Amino acid sequence: MGKTNGVYGKKELYDVIVIGGGPAGSTTAALVAEYGHRVLVLEREKFPRFQIGESLMPGTYWSFKRLGVLDKLKKSAFTRKYSVQFFSGSGKGSAPFYFYKHDPHESSVTWQVLRSEFDQMMMDNAREKGAEVRQGASVLQVIFDGDRAIGVRVKYRNGRVNDLSARVVVDATGRSALLSRKLNLKTVEPELKKASIFTHFKGGYRDEGIDEGATLILHTKEKDSWFWSIPLSDDVVSVGVVGGLDYLFREREGTPQEIFETELEKCARMKERLVGAEQLFPVKVTQDFSYRSRAVAGLGWVLIGDAYGFLDPVYSSGVFLALKSGEMAADAIHEAFDKDDFSGAQLGGWGSEFIAGMEAIRKLVYAFYTKDFSFAQFLKVHPECVDGIVDILSGKVYINDVTPIFKPMGEMCSLPEDVDYYETMEV
Ligand SMILES: Cc1cc2nc3c(=O)[nH]c(=O)nc-3n(C[C@H](O)[C@H](O)[C@H](O)COP(=O)(O)OP(=O)(O)OC[C@H]3O[C@@H](n4cnc5c(N)ncnc54)[C@H](O)[C@@H]3O)c2cc1C
């Protein structure tokens, strides 16, 4: 157990308060509770709630295994994902990247999930492991004593406002990025200034056999934007378009629905799959989602998942990185209680390893957005790089060294420099 159980003043005292019950928050909460600490999750919404980000990377398997949810996933109705396939602006398809062909292990087949159900499952798991979860509990601010985070101010649905204390505050608020905004740590990635318009359809064309669950990434004619097609269960498919923020919204008129349809006209391969399909809800819009914090942790606080940063939707890496950072932070928090050291260096000691993996995915994101770069051409010249690319697409960036592909790739497109954003906020 943590060393600080009890009550001080009239405040409730927790070892760890996790703000946000998405996949990142539920992961840290489950693992820290399993270590025996007193954990509270505060979630603004009432689950189940809609969330975008339905396609998982195979690399999530190892987090699911540790969290003990693999059996639930195997028994679920979620669609199995064996591969990802890319289509050029002219509609030409790459060979599908079948993950299991590179690693014939059950971890190479993953899931396309309905996030409302998936996030509920993850939150239930945290509760089963001993975390207390309060929904309809919106954190207004993290409370600091000097530079040290000492708790949170929370507002419940009934209007009651309460201060709660904790030795460690974990920000898992997703794109709200509560702490990094407040502490002015948020940095945006100007080259990846994108927006997305998305919805679900029922019906439409589905491939057969193991290709039924494939993620498809389809460029529009001039490569100004691209569509994802993520087949979910019940004959539902998640479809979204991603493009430059200026391109999609600032340089033309029209409602988001009209813009979505205009882009669909430029993507024959996507359009033909939706013939006869019924759109299930009005399109949703999100923008400016490529950002990062300059630190992962400080005195008494730590950032995980999207609350730390988000790259880009193209390789479906968001949930994978949310789970990974959630795991790494949980171990660092447990160690912090052991050592009685709640410094940024201790709570964020995992930062550089985590960021190195994220950097590899980021480089591949840049290659994808380079208009005259083609993965097919690159692999024709450098067939030895296929394993490295599949490793990144699978989320094996923390298992295998994928960096050798970037030298030859950098000769065919411009890749970003490695940025070590990690710095501790220790005082
Ligand atoms: C267009 C688009 C497409 C994407 N597609 C994919 C994909 O296919 N695959 C993939 O893996 N990822 C995808 N992602 C990324 C994915 O959505 C995120 O990476 C993932 O949800 C991060 O999990 P998280 O737990 O960090 O945050 P979230 O899932 O956002 O959870 C954060 C939680 O915190 C709660 N919260 C926020 N503020 C407060 C507060 N003040 N108090 C209390 N609670 C609060 C929210 O209600 C929410 O439930 C996509 C992202 C975008 C933008």
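The structure presented is a predicted model; accordingly, all values stated were derived computationally and were not measured. (Residues numbered from 1 in each chain as written. Predicted model: local features only at pLDDT ≥ 70, side-chain atom pairs only at ≥ 80, totals over all residues.)

Draft legend 1. Seen up close, the site of the ligand. Among the 39 residues in the neighbourhood of the ligand, the closest are listed as G22, G53, G174, G305 and G318. At the level of elements, helix 1 (23-34), strand 3 (39-43), strand 9 (137-145) and helix 10 (318-339) are the ones that each hand at least two residues to the shell around the ligand. With four residues, the single largest contributor to the shell around the ligand is helix 10. Residue classes in the shell around the ligand are distributed as 16 nonpolar, 17 polar and six charged. (Near = placed C-beta within 6 Å. Helix = DSSP H or I, 4+ residues; strand = E, 2+ residues; numbered from the N terminus. Nonpolar A, V, L, I, M, F, W, Y, C, P; charged D, E, K, R; others polar.)

Draft legend 2. Region of interest: the pairing of strand 13 (residues 194-202). Where burial is concerned, most of strand 13 is hidden: seven out of the nine residues are buried. Sheet analysis places strand 13 next to strand 16 (residues 236-244), joined by nine bridges and oriented antiparallel. Each bridged residue has a counterpart across the sheet, and for T199 the counterpart in strand 16 is V239. Across four bridges, strand 13 lies against strand 18 (residues 284-287) in antiparallel orientation. Of the residues in strand 18, the one forming a bridge with F198 is K284. The pairing of strand 13 with strand 17 (residues 278-279) spans two bridges and is antiparallel. Looking across to strand 17, one finds that K202 is bridged to E278. (Buried ≥ 20, exposed ≤ 12 C-beta atoms within 10 Å, placed from the backbone. Pairing = 2+ DSSP bridges.)

Draft legend 3. Spatial organisation of the packing of helix 1 against helix 10. Contact geometry for helix 1 and helix 10: axes closest at 8 Å, N-to-C directions at 30 degrees. Viewed along their axes, helix 1 and helix 10 adopt a mutual orientation that is roughly parallel. The hand of the helix 1/helix 10 crossing is right-handed. Facing helix 1, whose interface residues are P23, A24, T27, T28, L31 and V32, helix 10 presents V319, A322, L323, S325, G326, E327, A329, A330, I333 and H334. Broken down by class, the residue content of the contact of helix 1 with helix 10 amounts to 10 nonpolar, five polar and one charged. (Axes fitted to C-alpha atoms, helices over the stretch in contact; angles between N-to-C directions. Parallel < 35°, antiparallel > 145°, perpendicular 65-115°, else oblique. Left-handed = near helix turned anticlockwise from the far one by under 90°. Contact = placed C-beta atoms within 7 Å.)

Draft legend 4. Focus on the nonpolar core. Counting 126 residues, the largest nonpolar core has I17 and V170 as its most contacted members. With 12 residues, helix 10 is the largest single contributor of residues to this core. Here this core spans two domains, since at least three of its residues come from each of domain 1 (1-78 + 113-188 + 290-427) and domain 2 (80-110 + 194-287). When neighbours within four sequence positions are excluded, V170 is seen to be in contact with V16, I17, V18, I19, G25, T28, V302, I304 and A329. (Core = buried A, V, L, I, M, F, W, Y, C linked by C-beta atoms within 7 Å. Domains from an automatic or database assignment.)

Draft legend 5. Summary view of the sheet that holds strand 22 (residues 309-310). Spatially, the three strands line up as an open sheet ordered 12-19-22, and their pairing is antiparallel. In this open sheet, the two strands that pair with only one neighbour each are strand 12 (186-188) and strand 22. With three bridges connecting them, strand 12 and strand 19 (residues 291-293) associate as antiparallel partners. Counterpart to T187 in the pairing with strand 19 is R292.

Draft legend 6. Geometry of the packing of helix 1 against helix 5 (residues 115-128). As a packed pair, helix 1 and helix 5 sit with axes 8 Å apart at the nearest point and diverge in direction by 20 degrees. Comparing their axes, helix 5 and helix 1 come out roughly parallel. Our pair here, helix 1 against helix 5, has a crossing hand that is left-handed. Residues P23, S26, A29, A30 and A33 of helix 1 lie in contact with helix 5, whose contacting residues are D119, M122, M123, N125 and A126. The residue makeup of the contact of helix 1 with helix 5, split by class, is seven nonpolar, two polar and one charged.

Draft legend 7. Examining helix 1 more closely. Under the 1.5 Å per step criterion, the end-to-end length of helix 1 is 16 Å for 12 residues, consistent within 8% with the ideal 16 Å. Among the 12 residues of helix 1, 11 are classified as buried, and the element is accordingly described as predominantly covered. Listing the buried residues of helix 1 in full gives P23, A24, G25, S26, T27, T28, A29, A30, L31, V32 and A33. G36 occupies a position one or two residues after helix 1 and carries a positive phi of about 105 degrees. (Expected span 1.5 Å × (residues − 1).)

Draft legend 8. Here's a closer look at the domain arrangement of the chain. Structurally, the chain comprises domain 1 (1-78 + 113-188 + 290-427) and domain 2 (80-110 + 194-287). Using C-alpha coordinates to define each centre, domain 1 is positioned 25 Å away from domain 2. Of all elements in the fold, only helix 2 (60-67), helix 13 (375-381) and helix 14 (386-394) reach the threshold of two or more residues within the side of domain 1 that touches domain 2.

Draft legend 9. Spatial organisation of the pairing of strand 10 (residues 148-156). As paired strands, strand 9 and strand 10 are joined by eight bridges and run antiparallel to one another. Across the sheet, I143 pairs through a bridge with G151, a residue of strand 10. Inspection of the sheet shows strand 10 paired to strand 11 (residues 161-171) by five bridges, in the antiparallel sense. Across the sheet, residue K155 finds its bridge partner in strand 11, namely V161.

Draft legend 10. Here's a closer look at unusual backbone geometry. Look at the link from F47 to P48: it is a cis peptide, with omega at -5 degrees. With respect to the helices, strands and loops of the structure, P48 is situated in the loop between strand 3 and helix 2. Unlike most non-glycine residues, N184 shows phi in positive territory, near 55 degrees. For N184, the location among the structural elements is in the loop between helix 6 (178-182) and strand 12. Here the phi dihedral of K223 falls at roughly 65 degrees; this positive angle occurs in a residue that is not glycine. Summarising the element assignment, K223 is placed in the loop between strand 14 (215-219) and strand 15 (225-231). Note on K223: 17 C-beta atoms within 10 Å, which makes it partly exposed.

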